[in-house]
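# Topology and contacts: notes
Next come the chains, spelled out residue by residue.
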Amino acid sequence: MQPDYSRQMLLKEVGAAGQAALAKSRVLIVGLGGLGSPVLQYLAGAGVGVLGVVDDDALHASNLHRQPIYALDEVGALKAPLASAAVAKLNPDVRVEAHAARLTADNALELIRAHDVVVDCSDNFRTKFLINDAAVLARRPAVFASIYQYEGQLQVYKPLARHACLRCLWPNATADGVVGNCAEAGVLGPVPGAFGALQALLTLKILLDMPGQLDGELLLLDFMNFSSITLKAPRRSECAAPACALIRDLPREDQDIEMHVPSLAAAAQLPAVLIDVRSAEEFASAPTPARHIPMPTLLAHPELLSAQERYLLVCASGKRSLAAARELRRRGLAVHSLAGGLQALTPRHAHDS
Ligand SMILES: [Zn+2]
């Protein structure tokens, strides 16, 4: 069976020429979660020639309600190869270049340069700003979405005067942990699903050179009451297109900030004080032997930690603990984050299997 694009080719904005343009396009999708699922599906269905996917995470059972490209019997496997297999079923003409890695300052520029558009499907500000900065340096369009519970926002960066970059709007990047992300805050699956579908639409519009690409606008959607607001998002004067005076080079991560340990017992053997930064509710429902200091308290009161000690922070998925470790390191404290969080540790209940 051959892929059939006839229903989109009927559109005068697509046609045979548009379809040929899609087949020659390369799109990079950073993050294969609730936003990345629909982006991947719709771009693969549309016949985009090459989809680069970047995600170092394994599938967790709690992901499935918002990431329906995966299946329950795939839990535990890496998402990048799973996504590749899902696309092969949907449209074998699309080539997936799977990178089971994290987007970092070391690979971001090269990856983004090798694609026509980058789609930000990440769930943390650090990655969003890394994508932004690399897209500006590489002069590639980027399609951003951020969601929080029932609301979210969409923004398109292009190396043109009418498109602001993230730093035009937020010159002082927000630190992670100030607001939640999907791993900790609750979310209904269709919310990232809808935003991801809109990111896929914006990406197709860019590839097809269609109007309505959120030129100099920020679109805010609230799915609790279905309200929408379009804000003017002007480019800052110091961010003269296509370059940006605010962006020099990409921030690098401390090599040893994350620690990989197989179990909490092994973590307790390390010469580091274990601190659980989850909320009081999370800690009460699944306590750990660690000292419990919720992340907002820890960031507001770094004096709770001693400059003479070494610390290992732990949370559910390793995202909050990593964000907190970065912040505390900036204040000169010796802090590490347990990679992957509690969900990556060996289950203690062998009889559960
Ligand atoms: Zn800018």
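That block above? That's the structure.
Residues numbered from 1 in each chain as written. Predicted model: local features only at pLDDT ≥ 70, side-chain atom pairs only at ≥ 80, totals over all residues. Heavy atoms only, no water.

### Focus: the sheet that holds strand β1 (residues 26-30)
- Taken in spatial order, the eight strands of this open sheet run β3-β2-β1-β4-β5-β6-β7-β8, and their pairing is mixed. Where the open sheet ends on each side, the last strands, each with one partner, are β3 (95-99) and β8 (227-232). Pairwise comparison of adjacent strand axes, ignoring direction, gives a mean angle of 15° for this sheet.
- Judged from the five bridges that link them, β1 and strand β2 (residues 50-54) form a sheet pairing that is parallel. Paired with V27 across the strands is L51, a residue of β2.
- Here helix α3 (residues 36-46) sits on the sheet and contacts β1, β2 and β4 (117-120); the angle it forms with β1, its principal contact strand, is near 165°.
- Where helix α6 (residues 125-138) meets the sheet, its contacts fall on β1, β4, β5 (142-148) and β6 (151-157), and the angle it forms with β5 comes to roughly 165°. (Pairing = 2+ DSSP bridges. Helix = DSSP H or I, 4+ residues; strand = E, 2+ residues; numbered from the N terminus. Axes fitted to C-alpha atoms, helices over the stretch in contact; angles between N-to-C directions. Contact = heavy atoms within 4.5 Å.)

### As for the environment of P262
- Within the secondary structure layout, P262 lies in the loop between β9 (258-259) and α9 (264-269).
- Looking at P262, the relative accessible area reads 54%, which means it is exposed.
- Residues P262 and G45, spaced 217 residues apart in sequence, show a C-alpha to C-alpha distance of 40 Å. (Buried < 20%, exposed > 50% of the residue type's maximum accessible area, 1.4 Å probe, protein only.)

### What to know about the side chain of K158
- Relative to the helices and strands, K158 resides in the loop between β6 and α7 (166-169).
- The side chain of K158 sits in the buried core without any salt bridge; D209 is the nearest counter-charge, 5.2 Å away.
- In this structure the side chain of K158 is engaged in a polar contact, spanning 2.7 Å, whose partner is the side chain of Q213.
- Apart from the residues lying within four places of it in its own chain, the contact partners of K158 are P141, H163, Q213 and R235. (Lys, Arg positive; Asp, Glu negative; His and termini not counted. Salt bridge = Lys/Arg side-chain N within 4 Å of Asp/Glu carboxyl O. Polar contact = N/O pair within 3.5 Å; in protein donor to acceptor, adjacent residues only side chain to side chain.)

### A closer look at the side chain of N132
- Here N132 is to be found in helix α6.
- At 3.1 Å, the side chain of N132 and the side chain of D133 are in polar contact.
- Of the polar contacts made by the side chain of N132, one reaches the backbone nitrogen of L166; its length is 2.8 Å.
- Not counting residues within four places of it along the chain, the set of residues in contact with N132 comprises F144, C165, L166, R167 and I247.

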